[in-house]
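# Commentary on secondary and tertiary structure
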Amino acid sequence: MDDMEILKVISELPGVESSVLGDADGGLIDALDEPDGEATAAVAGFTTHKLSEAGEILGLGALESVNVQSSRAGSAVIHTGRCLLTLRLASKSPAPGLEERVRGIIEGSSESTDA
């Protein structure tokens, strides 16, 4: 699966309104249903970089994901190993098991391209 196909599958998961794929430096790779994918990728890159630094100082290990909640909505940033996936959520918090399902989709797509 290419990046856009992955985003389409992920955007169909319950509670996901949009998805943005970016690199660790905040560069946009691809986006689906997100009006400003470039800004979203940039903010995700910067935020995860700073949180990773804080995690190192606190001895927490590698950053895997970040969930951000406001009074109106939620967002999840998942580090996939090769990139950052930012999801805009329909509710303030991700549906149970969302991160595991997303990781399964991404891992399944990389296995099919490795074959």
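Notes on the structure follow. (Residues numbered from 1 in each chain as written. Predicted model: local features only at pLDDT ≥ 70, side-chain atom pairs only at ≥ 80, totals over all residues. Heavy atoms only, no water.)

This part is about the overall build of the chain. Regarding its fold elements, the chain presents three helices and five strands. Traced from its N-terminal end to its C-terminal end, the chain shows the element sequence α-β-β-α-β-β-β-α. For the chain, the residues scored as buried account for 33% of the 115 residues in total. Considering only contacts within the chain whose residues lie at least 6 apart along the sequence, 45% involve residues at least 24 apart. (Helix = DSSP H or I, 4+ residues; strand = E, 2+ residues; numbered from the N terminus. Buried < 20%, exposed > 50% of the residue type's maximum accessible area, 1.4 Å probe, protein only. Contact = heavy atoms within 4.5 Å.)

When strand 3 (residues 65-69) meets strand 4 (residues 74-79), the two strands line up antiparallel, connected through five bridges. Pairing of V66 across the sheet is with V77, part of strand 4. (Pairing = 2+ DSSP bridges.)

A word on the nonpolar core. If you look at the biggest cluster of nonpolar residues, it comprises 17 residues, and the most contacted ones within it are I10, L13, L85, L87, L98 and V102. Breaking this core down by element, the ones donating at least two residues are helix 1 (3-11), strand 1 (16-22), strand 4, strand 5 (84-89) and helix 3 (98-114). Here the element with the most residues in this core is helix 3; it accounts for four residues. (Core = buried A, V, L, I, M, F, W, Y, C linked by side-chain atoms within 4.5 Å.)

If you walk across this open sheet you meet the five strands as 2-1-5-4-3, and the pairing is antiparallel. Because the sheet does not close on itself, it has two edges, and the strands there are strand 2 (28-32) and strand 3. Between one strand axis and the next, the sheet turns by 15° as a mean value, whatever way the strands run. Across the sheet, helix 2 (residues 37-58) is in contact with strand 1, strand 2, strand 3, strand 4 and strand 5; its angle to strand 5 comes to roughly 115°. (Axes fitted to C-alpha atoms, helices over the stretch in contact; angles between N-to-C directions.)

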